[in-house]
Amino acid sequence: MTIIGIDLGTTNSAVSVWKDGRSLLIPNALGDRLTPSVVGLDDNGDILVGRIARERLLTHPLLTTSAFKRHMGTPREIRLGDRRFRAEELSALVLRALKADAESYLGETVTEAVISVPAYFNDTQRKATRMAGELAGLKVERLLNEPTAAAIAYGLHQQKPETQFLVFDLGGGTFDVSILELFDGVMEVKAVAGDNYLGGEDFTDAIVDYYLSSFGLSVSSIERKTLAALREQAEAGKRDLTKHKPFKLSALIDGERKEREIGRERFEALVQPLVDRLRRPIERALLDASIDGDAIDEIVMVGGASRMPVVYGMLSRMFGRLPAAHIDPDETVAVGAGVQAGMKERSEELQDVVMTDVCPYTLGTEVAMAYATGEYESGHFSPIIDRNTFVPVSRVKRFSTVNEDQKKIVVKIYQGENRLAANNLLLGELEVEFPPETSGIRDIDIRYTYDINGILEVEVKTEGLDDVHRIVIEENPGVMSREEIERRLAKLSALKMHPREQERNRLLLARGDRLYEERLGDEREWIGLAMQRFEAALHRQDKREIDEEAERLEQFLNQFEGNRR
Ligand code: ADP
Ligand code: MG
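Our subject in this report is the structure included herewith. Quantities reported herein were computed from a predicted structural model and do not represent experimental measurements.

Some words on the packing of helix 3 (residues 123–135) against helix 12 (residues 482–493)
Point 1. In contact at an axis separation of 10 Å, helix 3 and helix 12 are set at 40° when each is read in the N-to-C sense. As summarised for this structure, helix 3 and helix 12 are arranged oblique, according to the angle between their axes. Crossing handedness for the pair helix 3 and helix 12: right-handed. Of the residues in helix 12, those in contact with M131, E134 and L135 of helix 3 are R482, I485, R488, L489 and L492.

Quick look at the structure:
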């Protein structure tokens, strides 16, 4: 049975498979290896995923949504037209599209996947990701930390038997740093750190903010569509800058054409505060791993936003050398997930690669602290497994009851770094009652076992008593119940995916509609005419004519804004 590897990103997703001794990225119906993580409904209520949906963010904002990965594991519902979806369901629709791409490429049904998640995802978010897989008809064989995936992709290309890596992942909305060690075929994650609210999109926003403030405008003072068009231009411009080309932002505001040119220097000054924020997590990861910057052999760049020269510059100043760039940063995580999928299938070429990982957060319980006066204060957090401990891991810590006649204890299980339990995330609780005929101060051993998938098991054993109480943390706030999953599964399977064969034509129409809305005057008229011509061809249903006209329209649209793959 083939297992696929999936990078389910905030901005872009990708799917891979282990084939002929290497991890291969599978193209989608449009021939692209990246599929934007954008989902929408079309006018018939069919589901659109990827580039078509991304084009429609501007023209159909109420029917389209993006960046839902940020809400994974929260009960929040996102509206699309008159329907509501949880982030797990929207992710499931992306996964379904990737699954369909893989099935069409491989010519067989696919039911198993390895999916990558940010190392920073907590327990709830990880379960939500598994659930998204299940809703898409995929059994999630393994959740793999994204930086670990990147390191696997990279590690296999390494010649040296012993290497320390720093994986620097700057995606659309998040930033992750990991420190890993490859030694004798064993890949070990030593520390992870990051910022869940810093990514390439913030760099785009900085450009738009500069444009607006230079005209004394603000985000709230202009129309939503104008803002979306400016963001488009800023996004494309940011990429041009990577190739050293300056760019212009231009919009018609209050009847007046307003233009600003932005060059490399201006851009770098604008984003300096963002670049500065990249340093702290790097320093923290180095500290947690007890590694000096000099001991890092390679810096692996991951995430589309790591392409920016200003980011490269910061890293080379910080480490006194240039980061490595062997693999396309957009694809590294998916390549690694494909390798992991290959390991799951037990491909022979891969037997010798072993991997370890760390838990991203501290896990502990709530305790009362004793004071010298004999008084107690409850609500304190007592760590049992420290963050960045290797997993799988099992740790026991001994506690004791406070009163001689205490009849029960409630073990509360928390994840987080705060001194006070209430400021951390409550994962669950376990109640243990003592036999009524016994009394006295009791010693209690609490054992936490955290497995390679980030699933926690808690065991409570009271000294002198035989029974052991156990809980596997599965149900917690934000995680859906069995019944709810079943209900949503039924609802999702009733939704039709837009047919794959029509993707290209559909994309052209969506892109033409967007450009028509963005432009004015003559340009708008030309776009309208070109679209009409294409629609007429579609109407006549002659495949050859449609293909020719599609080619013509694509070139025409490219003239306006370049090739936008
Ligand atoms: P995610 O992991 O969040 O899905 P990606 O790794 O695909 O994200 O990165 C997406 C981000 O990378 C976007 O913010 C995009 O603007 C940015 N990006 C992609 N290519 C470039 C480039 N050539 N120059 C600058 N930024 C880029
Ligand atoms: Mg990513």
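Structural notes on the packing of aromatic side chains
Point 1. According to the stated counting rule, one finds four aromatic pairs in the structure shown.
Point 2. Centroid distance F556 to F560: 5.2 Å. Interplanar angle 70°. Geometry classified as edge-to-face. Of this pair, F556 and F560 both sit in helix 15 (residues 543–561), four residues apart, which is roughly one turn of the helix.
Point 3. The ring of F121 carries K69 above its face, with NZ or CZ at 5.8 Å from the centroid.
Point 4. Lying over the aromatic face of F215, R260 brings its terminal NZ or CZ to 4.2 Å of the ring centre.

Re the sheet that holds strand 7 (residues 64–66)
Within a sheet, neighbouring strands are paired by backbone hydrogen bonds and run either parallel or antiparallel to one another.
Point 1. Taken together, the three strands give an open sheet; going across it, the order is 6-5-7, and neighbouring strands pair in antiparallel fashion. This sheet does not close on itself; its edge strands, each paired only once, are strand 6 (47–49) and strand 7. Across the sheet, the axes of successive neighbouring strands diverge by a mean angle of 20°, strand direction being ignored.
Point 2. Here three bridges tie strand 5 (residues 38–41) to strand 6, and the two strands are oriented antiparallel to one another. Its bridge partner being in strand 6, V39 is matched across the sheet by V49.
Point 3. Across the face of the sheet, helix 1 (residues 51–59) comes into contact with strand 5, strand 6 and strand 7 while running at roughly 70° to strand 5.
Point 4. Together, strand 5, strand 6 and strand 7 form the strand contacts of helix 2 (residues 87–106), whose direction differs from that of strand 6 by roughly 75°.

About the criteria used
- Residue positions within a chain follow its written sequence, with the count starting from 1.
- Each chain gets a letter, beginning with A, and each ligand a number, beginning with 1, in the order they are written.
- Per-residue local features are limited, in this predicted model, to residues with pLDDT of at least 70; the limit for side-chain atom pairs, both in listing and counting, is 80 or more; totals at the level of whole chains, interfaces and linings are taken over all residues.
- As a rule here, side-chain values cover all heavy atoms of the structure and leave hydrogens and water aside.
- To obtain each axis, a line is fitted to C-alpha atoms, and for helices this fit is confined to the stretch in contact; angles are then taken between N-to-C directions over 0 to 180 degrees.
- Each helix is a run of DSSP H or I of at least 4 residues and each strand a run of E of at least 2, with the numbering of both proceeding from the N terminus.
- For classification purposes, an angle smaller than 35 degrees is called roughly parallel, one larger than 145 roughly antiparallel, one from 65 to 115 roughly perpendicular, and anything else oblique.
- In this scheme, a crossing is called left-handed if the near helix is turned counterclockwise away from the far one by less than a right angle; it is called right-handed if the turn is clockwise.
- Note on contacts: a residue pair is in contact if any heavy atoms of the two residues lie within 4.5 Å.
- Two rings from Phe, Tyr or Trp (for Trp, the six-membered ring) form a pair when their centres sit within 6.5 Å of each other. Planes less than 30 degrees apart are called stacked, planes more than 60 degrees apart edge-to-face, and all others tilted.
- Over a ring means this: the NZ of a Lys or the CZ of an Arg is within 6 Å of the ring centre and within 35 degrees of the ring normal.
- Here, any two strands with at least 2 DSSP bridges between them count as paired.

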